[in-house]
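In case you want the letters, here they are:
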Amino acid sequence: RFRTVVAFDPADAKVFERNYREWEIPLSAEVKSFPGFLAELLDQGKLPVKRHAETAAFQDAAALARDLGATEEARRSAGLFLCVPSRSRLNPRCR
C-alpha cells in the first residue's frame, strides 16, 4: 500500500481529497497536491531553489483554490517574487 499520493493534476487532488470522502471510498494514503508536495520539500530543505529577482504573476488552479482553498503552497514553491493579479487566490479566472 502507498502512504502518500501526490496528485499532479489539481482536479485529481480535488477528487482524492473531497469526492472520495463524499462517495465514502476509503483512502488510507495521505493526499498531497503537487504544489503542496513541492512546498513541503522546500520547507524541509530537501529541494534547493535558486531565488530570482524577476517578478511573475501566478494563476491559481481553480480546483485547488476554489474547491480546496489551497493557494499558498504554489506561491512558496515558485521561487519568484509574485505580484498578485486581481483574479487570484480563491477567485481565479478559468477558461
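Residues numbered from 1 in each chain as written. Predicted model: local features only at pLDDT ≥ 70, side-chain atom pairs only at ≥ 80, totals over all residues. Heavy atoms only, no water.

Quick notes on the pattern of salt bridges
Next up, step 1: This structure, assessed with the given rule, holds one salt bridge.
Next up, step 2: The partner of Glu40 in a salt bridge is Lys32, and the shortest N-O contact between them spans 2.7 Å.
Next up, step 3: We classify Lys32 as buried; its relative accessible area is 12%. (Salt bridge = Lys/Arg side-chain N within 4 Å of Asp/Glu carboxyl O. Buried < 20%, exposed > 50% of the residue type's maximum accessible area, 1.4 Å probe, protein only.)

Observations regarding the pairing of strand β1 (residues 4-7)
Next up, step 1: With four bridges connecting them, β1 and strand β2 (residues 30-33) associate as parallel partners. Across the sheet, the residue bridging to Thr4 is Glu30, located in β2. (Pairing = 2+ DSSP bridges. Helix = DSSP H or I, 4+ residues; strand = E, 2+ residues; numbered from the N terminus.)

Details of helix α1 (residues 10-22)
Next up, step 1: Under the 1.5 Å per step criterion, the end-to-end length of α1 is 18 Å for 13 residues, consistent within 8% with the ideal 18 Å.
Next up, step 2: Maximum bend of α1: about 35°, positioned at Phe16.
Next up, step 3: Measuring from the backbone nitrogen of Ala11 back to the side-chain oxygen at the start of α1 gives 2.7 Å, which picks out Asp9 as the cap.
Next up, step 4: A positive phi of about 60° marks Glu24, the residue just after α1. (Expected span 1.5 Å × (residues − 1). Bend = angle between axes of the 7 residues up to and from the residue. Polar contact = N/O pair within 3.5 Å; in protein donor to acceptor, adjacent residues only side chain to side chain.)

Considerations on the packing of aromatic side chains
Next up, step 1: Counted by the stated rule, this structure contains two aromatic pairs.
Next up, step 2: Aromatic side chains Phe8 and Phe34 sit 5.0 Å apart centroid to centroid with 65° between the ring planes, which places their arrangement in the edge-to-face category. Of this pair, Phe8 sits in the loop between β1 and α1 while Phe34 is found in helix α2 (residues 34-43), placing the two residues 26 residues apart along the sequence.
Next up, step 3: Overall, Phe34 belongs to the partly exposed group, its relative accessible area being 28%. (Phe/Tyr/Trp six-rings, centres within 6.5 Å; stacked < 30°, edge-to-face > 60°.)

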